[in-house]
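Coordinate analysis (summary)
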Amino acid sequence: MAKSQVLNARCYIPNVLSLLHRHRRFFLGTALAGVALRLFFIVYFPAVTDDSRVYTDFASNWLQHGVYGLTQSGEIVPSDTRLPGYPGFLATIFALFGPGNFRAVMAAQLLVDLGTCFIIADLARRTVSDRAARIAFVLAALCPFLANYTAAVLTETVEVFFTALALDCAVAGLDHLNLGWFDWKSWARSGLSIAACIFLRPDGGIVLAAMCLYLIFLGCRRWRERLNALPIAKAALLVGLFALGPLVPWTIRNFRTLHHFQPLAPRYATEEDELAPRGFNRWAATWIVDYVSVEEIYWNVPGDKIDPDKLPTRAIDSAAQRDATLALIADYNESHDLTPELDARFGELAAQRIRERPVRYYVVLPALRIADMWLRPRTELLPSDPRWWEFNDDPKGSIIAVAVGLLNLAYVGVAFWGIVWRFSGIRYAGLLVGFVVLRSAFLGTIENPEPRYTLECYPVVIMFAAKIASNWRSSSKKAGRVLTS
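Let us look at the pattern of salt bridges. As a working rule, side chains carrying opposite charge can pair if their charged atoms are close by. Taken as a whole and assessed by the stated rule, the structure comprises 23 salt bridges. Linking E456 and R201 is a salt bridge whose minimum nitrogen-to-oxygen distance equals 2.3 Å. Of the two residues, E456 is situated in the loop between helix 20 (429-443) and helix 21 (458-484) and R201 in the loop between helix 10 (184-200) and helix 11 (205-224); the sequence distance between them amounts to 255 residues. By relative accessible area, E456 is classed as buried at 1%. For R201, a relative accessible area of 10% translates into the label buried. In this structure, R439 engages E456 in a salt bridge whose closest nitrogen and oxygen atoms are separated by 3.3 Å. Note that R439 is positioned in helix 20 and E456 in the loop between helix 20 and helix 21, a separation of 17 residues in sequence. Grouping residues by exposure puts R439 and E456 together as buried. Through salt bridges that share partners, D51, R82, E156, R201, D203, R439, E450, R452 and E456 make up one connected network.

What follows concerns the packing of helix 11 against helix 20. It is the contact of helix 11 with helix 20, at a shortest axis distance of 9 Å, that shows an interaxial angle of 135°. The pairing of helix 11 with helix 20 is recorded here as oblique in orientation. Where helix 11 crosses over helix 20, the handedness of that crossing is right-handed. In contact with I206, V207, A209, A210, M211, L213 and Y214 of helix 11, helix 20 contributes G430, L431, G434, F435, L438, R439 and F442. Of the residues that constitute the contact of helix 11 with helix 20, the class distribution is eleven nonpolar, two polar and one charged.

Note on placement: T157 falls in helix 9 (residues 156-178). Given the relative accessible area of 2%, T157 is considered buried. Here Y149 takes part through its backbone oxygen, which lies 3.1 Å from a polar atom of the side chain of T157. Ignoring sequence-local partners within four residues, the contact set of T157 consists of Q109, V112, D113, T116, Y149 and T150.

What follows deals with unusual backbone geometry. Cis geometry marks the peptide bond from V301 to P302; its omega dihedral reads -5°. For P302, the location among the structural elements is in the loop between helix 15 (291-296) and helix 16 (319-335). The residue A269 is not glycine, and still its phi comes out positive at about 55°. On the basis of relative accessibility, which here comes to 30%, the residue A269 falls in the partly exposed class. Phi is positive for Y428, close to 60°, though the residue is something other than glycine. When you line up the elements, Y428 lands in the loop between helix 19 (395-421) and helix 20.

Scored by pLDDT, the protein has a mean of 90; 93% of the residues are at 70 or more. Averaged pLDDT values for the elements of the protein fall to 43 in helix 1 (residues 3-10) and rise to 97 in helix 5 (residues 85-97). Every residue in residues 1-14 scores below 50 in pLDDT, and together they form 18 contacts with partners more than four places removed in sequence or on other chains. Taken together, the stretch residues 478-485 has pLDDT below 50 and engages in zero contacts with residues farther than four places along the chain or on a different chain.

Once that is clear, we can look at the environment of V67. Mapped onto the secondary structure, V67 falls in the loop between helix 4 (50-65) and strand 1 (69-72). Separated by 28 residues in the primary sequence, V67 and L39 place their C-alpha atoms 34 Å from one another. Filtering out sequence-adjacent residues up to four positions away, V67 remains in contact with N61, W62, I76 and P78.

Okay, the packing of aromatic side chains next. By the definition in use, this model includes 27 aromatic pairs. When the ring of F41 is compared with that of F45, the centres are 6.3 Å apart and the planes differ by 50°; the resulting orientation is tilted. Using a relative accessible area of 7% as the deciding quantity, one classes F41 as buried. Classification of F45 as partly exposed rests on a relative accessible area of 23%. Taken together, a centroid distance of 5.7 Å and an interplanar angle of 85° make the contact between Y68 and W250 edge-to-face. Taken together, the residues Y68 in the loop between helix 4 and strand 1 and W250 in helix 13 (residues 247-258) connect sequence positions 182 residues apart. As far as burial versus exposure is concerned, Y68 and W250 are alike and both buried. The structure contains a cluster of three or more aromatic residues connected by ring pairs, namely F280, W283, W287, Y298 and F346. Its guanidinium or amino end placed over the ring of F182, K234 lies 4.5 Å from that ring's centre, counting from NZ or CZ.

Definitions and limits used
- As a convention, each chain's residues are numbered from 1 in the sequence order in which they are written.
- Local features in this predicted model are restricted to residues of pLDDT 70 or higher, and side-chain atom pairs are both shown and tallied only at a pLDDT of 80 or more, whereas totals for entire chains, interfaces and linings draw on every residue.
- In computing side-chain properties, one takes all heavy atoms of the structure into account and sets aside hydrogens as well as water.
- Take a side-chain nitrogen of Lys or Arg and a carboxyl oxygen of Asp or Glu: if they are within 4 Å of each other, that pair is a salt bridge.
- Counting from the N terminus, the helices are DSSP H or I runs at least four residues long and the strands are E runs at least two residues long.
- The buried label goes to any residue with under 20% of its type's maximum accessible area, the exposed label to any with over 50%, and the partly exposed label to all in between, with areas taken from a 1.4 Å probe on protein chains only.
- The convention used is that axes are lines fitted to C-alpha atoms, helices contributing only their stretch in contact, and that angles between N-to-C directions extend from 0 to 180 degrees.
- Reported orientations rely on four angle classes, namely roughly parallel under 35 degrees, roughly antiparallel over 145, roughly perpendicular from 65 to 115, and oblique for the rest.
- For any helix crossing, the convention is left-handed if the near helix is rotated counterclockwise from the far helix by under a right angle, and right-handed if that rotation is clockwise.
- Any two residues whose heavy atoms approach within 4.5 Å are treated as being in contact.
- Here the term charged refers only to Asp, Glu, Lys and Arg, the term nonpolar to Ala, Val, Leu, Ile, Met, Phe, Trp, Tyr, Cys and Pro, and the term polar to all other amino acids, Gly among them.
- Nitrogen and oxygen atoms within 3.5 Å of one another constitute a polar contact, given that in protein one can donate a hydrogen and the other can accept it, and given that sequence-neighbouring residues count only through two side-chain atoms.
- For every residue, the predictor reports its confidence as pLDDT, a number between 0 and 100.
- Classification of ring pairs rests on two measures: the distance between centres of Phe, Tyr or Trp rings, Trp counted by its six-membered ring, which must be within 6.5 Å, and the angle between planes, read as stacked under 30 degrees, edge-to-face over 60 and tilted in between.
- Placement of a charge over a ring requires the Lys NZ or Arg CZ to be within 6 Å of the ring centre, with the centre-to-atom vector within 35 degrees of the ring normal.

This is how it looks when you write it as structure tokens:
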């Protein structure tokens, strides 16, 4: 191995700085355009949702009273329904800029998201080329789907940042392993980034699963080739320790304060004495495939009316089932309260539907939910009607939805082309694609398909799209040389 290669591997940060310095005008101009795009969303489309208020309550109580809990009937009650990552982020902002200062939160998320753009560029630099890094930076900085969520008081922006950072640090560690040097700092950083992902949302652990599976694959391949697999095992162990170690204090806190074992957060974000709507959710999973049903029905329970006319035809398979479904909905609509008895009846209805159509429940519907989350126009934070295809109701919103949907198709379509046809041209593609596949498979199991759940995959999407774009640019330059020669 050349000595210069080892030196470059051990000094990868100066290589990043060198790229920024050589193209400083390009990066500065693109970054300013990215800031302007994010400010546009912050000024015109700020979003403070019900989830935002829950996170804010946690943050305010933690900051002002030293209790990590929710306000119930005027009292602060300790809770574990949300992991402390995002409330901790909010509490930090509130401590610096005042309680409930959502503009400051959005401004901070703007900076975080800009950092994500640089990390995505570095990921493309490591796995493809410097040219791909510059293209990836443009695609990330001008991506309206990432920019839109900087204006929402939700976990997405920070979660995407740490997901990209975890992957980038892992790729740095793999680079060093290939050059014969075990860089424990890169693996530790990757593990800590995964821990941050988990503390923001439990499904952040999918990054850890993808990384461990990839390292196991590499270790087995080295073992079959009679090479030293110990560095791979050390990397997996180090990532796991740094990713899961920070959960120990949280688990101890839950056991001591709430008197039960909870290393993450409850599946349905419910308190211990609160009904988890498992029956209703299982029934919903027997027919929900799109975000429209989430807004019109799923989010209404409990507390609001279910409109049976909003049910799609696939929610009812027979006349007898129609009668049972409508009677159950009518009983719920009397009080808008999901009692244990009603939840059990929803569960029985779900069990019947699953027995009659198991392939639909276990294969077809999850695949359709995954497709909806990936391909639907990402306008959930915009004023566009969720039924965007009904142009008579909101023509302007429908036109915006179509435009945004086509842009999303461009990002995803080009990236998919890169995965299918240019897989071998990207280093460590197995890690990146494995993460996307694992996350998509997990998303197929949830009852509420929301497009925002795929945003964590967008660093990989952008990186693969940048690979294809860099190939196009190289091909056009070669064609130009041939024509002028």
